[in-house]
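What follows is the residue order along each chain.
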Amino acid sequence: MLHEPARVNLPGGVRVEPVGGGRAGSTLFEFALAEPRSHAAGCGLAWLGGDLADECWGVDAPVSAGREDGVTWRRAGDLLFLAFEQPDDPADDPAAAVEAAYDRLLATAAAAGCRQLLRAWNYLPAINAGAGDAERYRRFCLGRAAALEKAGYGEGELCAGTAIGGDEPLLRVYLLCAPEPGINIENPRQVSAYRYPRQYGPRSPSFARATAITGPGDAMLLMISGTASVVGHRTLHEDDVAAQLEEIIRNLESLMAQSARDLGRPGLAEFGEGSLLRVYVRNADDWPLIEARLRRRWPAARLAGLRGDVCRSDLLVEIEAVSRS
Ligand code: 3EB
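This one's a predicted model, so the numbers in the text were calculated from it and none came from an experiment.

### Points about helix H2 (residues 136-150)
Here H2 contains 15 residues, and its C-alpha end-to-end distance of 21 Å stays within 8% of the 21 Å for a straight helix at 1.5 Å per residue. For H2, the buried fraction is high: 11 of the 15 residues fall into the buried class. Turning to H2, its buried residues number three or more, namely Arg136, Tyr137, Arg138, Phe140, Cys141, Gly143, Arg144, Ala145, Ala146, Ala147 and Leu148. Residues of H2 that are buried sit in contact with helix H1 (95-111), strand E10 (116-125) and strand E11 (160-166). Once H2 ends, the next one or two residues include Gly152, with phi positive near 85°.

In structure tokens, the structure reads:
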């Protein structure tokens, strides 16, 4: 069915699947991709198509929920999902607001005994506005890094991430946290983002290429960061979306092979059934070409195309994913 939701199963039974996937259990959080829904997380981006409209991140544990200090939380067992949403004027410097948002999120996580970060999603408007180090993405990175540093997070305590520019004037930060860390995996084709050289901004982006956690039973859940046409630390194939997509496919293949080795799970080397891909596309007209190519490469994976700005202005497409084995 075209818009059947997906469910993701988290540890102690964490599942991620299209919503309505038919499994029993509770929902830690939902991501509404095609249409905004109250009480669901969202990207604030236009949905371009695909067969993934909603994600349900489910657990085999009762869920409690609340809101404190502007942070909405949902907890099931050792998993804590945090959401922060606040107006963000695209003409402003976002550094201070992002730092304050992360201060609150990290304080909430620590107070709940869940200071380890497993997955982060960040959406903010006009991500490429501003020149050089004044670019809003670089200012975002500065605020995020400052908050993480103050709270004592080291390089090894970062997690898989996404940072995408939208059209609505809203900062959205979502964090999945736990008392114990996940397992981070880096991509041998790419310099770790937290070690990017100075030319990309005053503070390097604070994320790992992928984070794996234990899923239900013996399964592992691999959460892959937004992945772009970056090799080493450089953008490749400026102005060529088809070539950028091929480079992303190679980056994902490389990261998945590394994950399969590091985790001893050969099944993680490919996307299969149960793999969910969010594809962020700068120019909506590029979606049909991208969708056709991804269907050919990974026929079993589910895809959502979203109109979003990638955090370097020369990047035209970026793909994040969840996979399990
Ligand atoms: C890159 O490889 C692309 O700042 O959290 C991808 C995923 C990117 C997450 C972030 C940035 C972030 O550098 C950009």
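### Some words on the pattern of salt bridges
Under the criterion given, the structure shown has 29 salt bridges. Glu157 is the partner of Arg115 in a salt bridge, and the nearest nitrogen-oxygen pair spans 2.9 Å. Taken together, the residues span a long stretch of sequence, with Arg115 in the loop between H1 and E10 and Glu157 in the loop between H2 and E11 at a distance of 42 residues. Assessed through its relative accessible area of 27%, Arg115 is described here as partly exposed. Between Asp309 and Arg307 there is a salt bridge, and its shortest N-O distance comes to 2.8 Å. In this structure, Asp309 and Arg307 share a single accessibility class: buried. The network of salt bridges with common partners includes Glu55, Arg119, Arg278 and Glu320.

### Here we look at the side chain of Gln244
Along the chain, Gln244 turns up in helix H3 (residues 241-263). Here Leu316 takes part through its backbone nitrogen, which lies 2.8 Å from a polar atom of the side chain of Gln244. Sequence-distant contacts of Gln244, that is, excluding residues within four places in its chain, are made with Ser229, Leu236, His237, Glu238, Asp239, Asp314, Leu315, Leu316 and Val317.

### Some points on H1
Taking 1.5 Å per residue as the helical rise, H1 with its 17 residues ought to reach 24 Å, and the 24 Å between its terminal C-alpha atoms agrees with that figure. Buried-residue contacts for H1 involve strand E8 (71-76), strand E9 (79-87), E10, H2 and strand E12 (170-178). Gly113 sits one or two positions beyond H1 and adopts a positive phi of about 75°.

Conventions and cut-offs
Residues numbered from 1 in each chain as written. Predicted model: local features only at pLDDT ≥ 70, side-chain atom pairs only at ≥ 80, totals over all residues. Heavy atoms only, no water. Helix = DSSP H or I, 4+ residues; strand = E, 2+ residues; numbered from the N terminus. Expected span 1.5 Å × (residues − 1). Buried < 20%, exposed > 50% of the residue type's maximum accessible area, 1.4 Å probe, protein only. Contact = heavy atoms within 4.5 Å. Salt bridge = Lys/Arg side-chain N within 4 Å of Asp/Glu carboxyl O. Polar contact = N/O pair within 3.5 Å; in protein donor to acceptor, adjacent residues only side chain to side chain.

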